[in-house]
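# Observations on the model geometry
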Amino acid sequence: MIIKPYKADVPLRTVKRIKNIIAKNGLPVKEMQLGDGSKFCSCRIFLSYDEDSSIGTNGKGMDMNYALASGYAEFMERFQNRVIIYPNPACIHEHCRFFPDEKPYRLNHEEALEKIKKFMPRVLSSDGLEAEIVEGVSVPFYHVNNGKVEDVPYSLIRWINGSNGMCAGNIHEEALIQGFCEIFERYCIQEMYRRKIVPPDVPLHVFEGSDVIQRLNELRDKYCMEYYIKDYSLGEGFPVIGLLLFNSDKTKYILHLGADLYPQIALERCYTEIFQGYTAETLTFENDVNDCERLDVFNEFKRSLMYGRGRQHEKFFTSSPTYLYSGHTTIPIGRNFREDLHNICQWIIAKGYNIYIRDNSFLGFPTLHIVVPGLSEIDHTFCNLNRRVYHMQLTENQINPLFRFSTLNDMECFETIKYLSLLDKEAIELFPRNLNPKNIVNRHLLLMFLHVKLGHKEEAIQCLEGYAEYCRSQQRPMRSYYVRMLDILQGRLSAEDTKSHDYLIARSFLSFPEKALLAIDTPTCFNCNRCPLAIGCRYSLLKDIEKICQETMKNNMPKQDSLNKIFSSYE
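Residues numbered from 1 in each chain as written. Predicted model: local features only at pLDDT ≥ 70, side-chain atom pairs only at ≥ 80, totals over all residues. Heavy atoms only, no water.

### Quick word on the side chain of Ser361
Heads up, the condition is: Note on conventions: DSSP H or I runs of at least 4 residues are helices, E runs of at least 2 residues are strands, and numbering of each starts at the N terminus. We call two N or O atoms a polar contact when they sit within 3.5 Å, provided that within protein one can donate a hydrogen and the other can accept it, with sequence-adjacent residues counted only if both atoms are side-chain atoms. For this analysis, residues touch if any pair of their heavy atoms sits within 4.5 Å.
On the secondary structure map, Ser361 appears in the loop between strand S12 (356–359) and strand S13 (367–371). At 2.5 Å, the side chain of Ser361 and the side chain of Asp359 are in polar contact. Once you skip the residues sitting within four places of it in the chain, Ser361 turns out to touch Gln80, His172, Pro366, Thr367, Asn556 and Pro558.

Written as structure tokens, this is what we have:
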């Protein structure tokens with residue numbers, strides 16, 4: 001039974017409070033309703049001068065008021081934690097990269113290794129750390145365990161943890177509870193794949209009389225969507241459950257995890273996340289019950305983390321539970337938000353973890369970032385530390401080479417080749433938040449241009465062959481001049497081929513390797529007036545947002561020792 005309010009304020013007041021902050025600071029924010037506004041409620045809150053909704057956050061809830069409050073609170077969370085646009089190229093020449101109290105660091109190999117072991121130990125694999133020097137910025141966090149403020153290597157944490165542990169709410173305690181629950185949920189998602197967990201069922205009587213169980217019964221009775229509620233406590237007391245929902249013939253499924261001290265609220269979060277942007281009529285099921293044998297845990301973890309749509313391992317549907325259900329959580333339930341927060345912190349500390357918290361509420365709405373080393377970070381099973389460190393060094397510590405692709409010198413070409421080779425996606429955005437169709441280029445082609453400039457014939461052939469394979473996988477033809485280019489490099493042209501217009505284009509390109517990077521339109525950052533990709537680029541919006549952030553942070557950044565008033569009674 002829930003013995004305290006669901007939220008510290010009613011949703012209408014939460015929305016009004018945040019809208020007043022938005023208006024006061026001149027932020028161009030719009031809202032869009034999704035779902036049906038009745039049984040399936042979700043929305044989109046976004047930054048835009050037009051109808052492009054790509055920079056924003058989603059909200060969801062059991063009714064539309066809660067969905068809007070969720071969306072606006074999520075917007076404040078991501079905006080004040082400086083992640084709604086990240087990395088933002090508009091901050092390159094500004095006073096700070098993240099926050100005004102940041103400090104640059106330059107760590108040698110051993111120093112960097114010690115920081116990683118202290119603040120993100122699970123990401124460290126047997127491969128170790130390759131980089132000899134790691135640069136970035138640190139910011140102060142409040143260390144709950146000892147009540148002191150300590151510098152934390154923020155650049156590393158952002159590149160390893162992402163947004164995990166970022167939170168916002170009507171009061172600090174409410175926000176922090178939500179942040180810890182997110183950390184628990186994401187930790188259990190990782191362990192679900194790492195340990196191949198087969199969770200036990202949660203007895204339905206635990207949810208008896210709740211609105212969410214009534215809605216699930218309606219889905220079962222009206223749409224034949226069978227459901228099961230799974231215990232993802234790992235047998236260790238984590239307050240995490242999963243909602244397993246089947247389509248009408250039980251051949252496909254969705255599994256989504258949610259966390260809260262109260263099982264009913266955890267289940268509501270599973271339900272609203274699954275139907276975010278959907279109704280019962282439009283919900284799509286992608287995962288086949290019988291398609292479990294060739295599971296790539298990295299990709300399935302990524303799909304679960306980002307979309308709540310990851311597939312499960314083969315034993316999930318056939319084996320006995322890994323552990324028995326023994327109740328929702330071992331964290332005691334308090335009488336109010338403060339007691340719940342106290343109990344969560346004591347439970348985590350008793351397990352041997354440290355807790356670091358930063359207050360980023362520079363617009364005035366409680367927004368924080370929690371780091372619990374050993375729980376917050378991505379395990380090395382799903383995260384390549386050396387790849388992420390290299391990407392951070394190349395794209396955060398300097399201007400991204402793709403922003404000035406046509407002017408790269410030979411050394412920068414080598415660096416960019418390594419950067420692109422480490423990416424695991426085919427479509428590469430040359431500049432973030434640019435809707436120009438020419439802004440997206442296939443990775444194999446970018447690599448080919450770089451290798452041609454450097455005179456690497458064999459590597460250029462491999463890139464063109466990789467692009468040809470990609471085109472075949474998409475069931476579309478490769479452009480003829482790329483085919484002729486491959487023919488020229490491999491010396492397999494016929495006399496007839498040399499008469500074609502495509503051959504002349506390919507020959508001209510290969511004859512002047514020093515001009516290879518000029519073969520396609522690329523950004524000319526930050527000379528917007530001369531940029532061939534200016535139409536569709538949203539850099540002006542990014543600059544406006546960054547200016548508001550920089551000016552507001554300069555005068556309103558919270559002092560981290562002020563968190564002592566929340567935690568002093570716990571020490």
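### Digging into the pattern of salt bridges
Which entries qualify depends on this criterion: The term salt bridge refers to a side-chain nitrogen of Lys or Arg lying within 4 Å of a carboxyl oxygen of Asp or Glu. Buried means the residue's accessible area, taken with a 1.4 Å probe over protein chains only, is under 20% of the maximum for its type, while exposed means over 50%, and partly exposed covers the values in between.
Scanning the model with the defined rule gives 33 salt bridges in all. The residue Glu286 makes a salt bridge to Arg303 at a minimum N-O spacing of 3.0 Å. A residue pair is termed long-range when its members are at least 10 positions apart, and Glu286 in the loop between helix H7 (263–274) and strand S11 (287–288) and Arg303 in helix H8 (residues 297–307) qualify at 17 residues. The exposure class assigned to Glu286 is exposed, which follows from its relative accessible area of 52%. Here Lys453 makes a salt bridge to Asp410, at a shortest N to O gap of 3.1 Å.

### Section: the packing of aromatic side chains
The condition is simple: Pairing of aromatic side chains here covers Phe, Tyr and the six-membered ring of Trp, requires ring centres within 6.5 Å, and sorts the geometry by plane angle: under 30 degrees stacked, over 60 edge-to-face, intermediate tilted. A positively charged side chain is recorded as over a ring if its NZ (Lys) or CZ (Arg) lies within 6 Å of the ring centre. The angle to the ring normal must also be within 35 degrees.
Inspection of every chain in the model, using the stated rule, returns 29 aromatic pairs. On the numbers, 4.9 Å between centres and 85 degrees between planes, the contact of Phe316 with Phe317 is edge-to-face. Here the aromatic residues Tyr86, Phe98, Phe99, Phe141 and Tyr154 are joined through ring pairs into a cluster of three or more. The lysine or arginine in question, Lys515, covers the ring of Phe512, its NZ or CZ lying 5.5 Å from the ring centre.

### Some words on the sheet that holds strand S8 (residues 227–231)
The strands that make up a sheet are held in pairs by hydrogen bonds between backbone atoms, and each pair lies either parallel or antiparallel. How we decide: At least two DSSP bridges between two strands are needed for those strands to be called paired.
Within the open sheet, the four strands sit side by side as S8-S9-S10-S11. Their pairing is antiparallel. Two strands lie at the open edges of the sheet, namely S8 and S11, each paired on one side alone. Inspection of the sheet shows strand S10 (residues 252–259) paired to S11 by two bridges, in the antiparallel sense. Residue pairing across strands places Lys252 opposite Asp288, the latter belonging to S11.

### A word on the pairing of strand S3 (residues 56–61)
Put simply, side chains in a regular strand alternate between the two faces of the sheet. Burial of S3 is extensive: five of the six residues sit out of reach of the surface. Bridge count for strand S2 (residues 41–47) against S3 is six bridges, and the pairing is antiparallel. When the bridges of S3 are listed, Cys41 appears paired with Gly61.

### Comments concerning the domain arrangement of the protein chain
This is how it is decided: Bear in mind that the domain bounds are from an automatic or database domain assignment. By buried area we mean how much accessible surface two parts lose on assembly, using a 1.4 Å probe and totalling the loss over both. The nonpolar class holds Ala, Val, Leu, Ile, Met, Phe, Trp, Tyr, Cys and Pro. Asp, Glu, Lys and Arg form the charged class, and all remaining residues, Gly among them, are polar.
Segmenting the protein chain into domains produces domain 1 (11–85), domain 2 (196–307) and domain 3 (400–524). Computed from C-alpha atoms alone, the centre-to-centre distance between domain 1 and domain 2 is 25 Å. With twelve residues of domain 1 at the interface, the matching set in domain 2 holds 15 residues. Overall, the association of domain 1 and domain 2 removes approximately 1100 Å² of surface from exposure, summing both partners, and the carbon and sulfur fraction of that is 61%. Ranking the residues of domain 1 by area buried against domain 2 places Phe40, Lys60 and Met62 at the top, with a combined share of 62%. Seen at the junction of domain 1 and domain 2, the total is two salt bridges. A salt bridge links Lys60 to Glu273, with the nearest nitrogen and oxygen atoms 3.1 Å apart. Between the two partners, domain 1 and domain 2, sit six residue pairs in polar contact (both at pLDDT 80 or more). Secondary structure elements with two or more residues in the side of domain 1 that touches domain 2: strand S1 (29–35) and S3. For the side of domain 1 that touches domain 2, the element with the most residues is S3, which contributes four residues. Residues belonging to the side of domain 1 that touches domain 2 are distributed by class as follows: three nonpolar, six polar and three charged.

### Side note on the sheet that holds S2
Short version of the rule: Helix axes are fitted to C-alpha atoms over the stretch in contact, other axes to C-alpha atoms as well, and angles between N-to-C directions run from 0 to 180 degrees.
Sheet architecture is open: three strands sit in the order S1-S2-S3, paired in antiparallel fashion. This sheet does not close on itself; its edge strands, each paired only once, are S1 and S3. Here the strands of the sheet are splayed against their neighbours by 20 degrees on average, with no regard to which way each runs.

### Here's the deal with the pairing of strand S5 (residues 133–143)
Taken across its eleven residues, S5 has nine buried, putting it largely inside the fold. Taken together, the six bridges between strand S4 (residues 103–108) and S5 define a ladder with antiparallel strand orientation. Bridge assignment links Asn108 to a residue of S5, and that residue is Ile133. Note: S5 against strand S6 (residues 148–152), five bridges, orientation antiparallel. Counterpart to Pro140 in the pairing with S6 is Asp151. Where S5 folds back onto S6 in an antiparallel hairpin, the turn is made up of four residues, including Gly147, whose phi is positive at roughly 75 degrees. By the bridge criterion, two bridges tie S5 to S12 in an arrangement that is antiparallel. For His143, the partnering residue across the bridge sits in S12 and is Tyr356.

### As for the packing of helix H14 (residues 480–490) against helix H15 (residues 501–511)
Think of two packed helices as two axes; the pair is described by the angle between the axes and how far apart they sit. To be explicit about the condition: The cut-offs work like this: below 35 degrees is roughly parallel, past 145 is roughly antiparallel, 65 to 115 is roughly perpendicular, and the gaps in between are oblique. Helix crossings get a hand from a simple test, with the near helix turned counterclockwise from the far one by less than a right angle marking a left-handed crossing and a clockwise turn marking a right-handed one.
Packing of H14 against H15 brings their axes to within 8 Å, and their N-to-C directions diverge by 60 degrees. In terms of axis orientation, H14 runs oblique to H15. Seen from above, H14 lies across H15 with right-handed handedness. Within the contact between the two elements, H14 uses Ser480, Tyr481, Arg484, Met485, Ile488 and Leu489 and H15 uses Asp502, Tyr503, Ile505, Ala506, Arg507, Phe509 and Leu510. Across the contact of H14 with H15, the residue classes break down as nine nonpolar, one polar and three charged.

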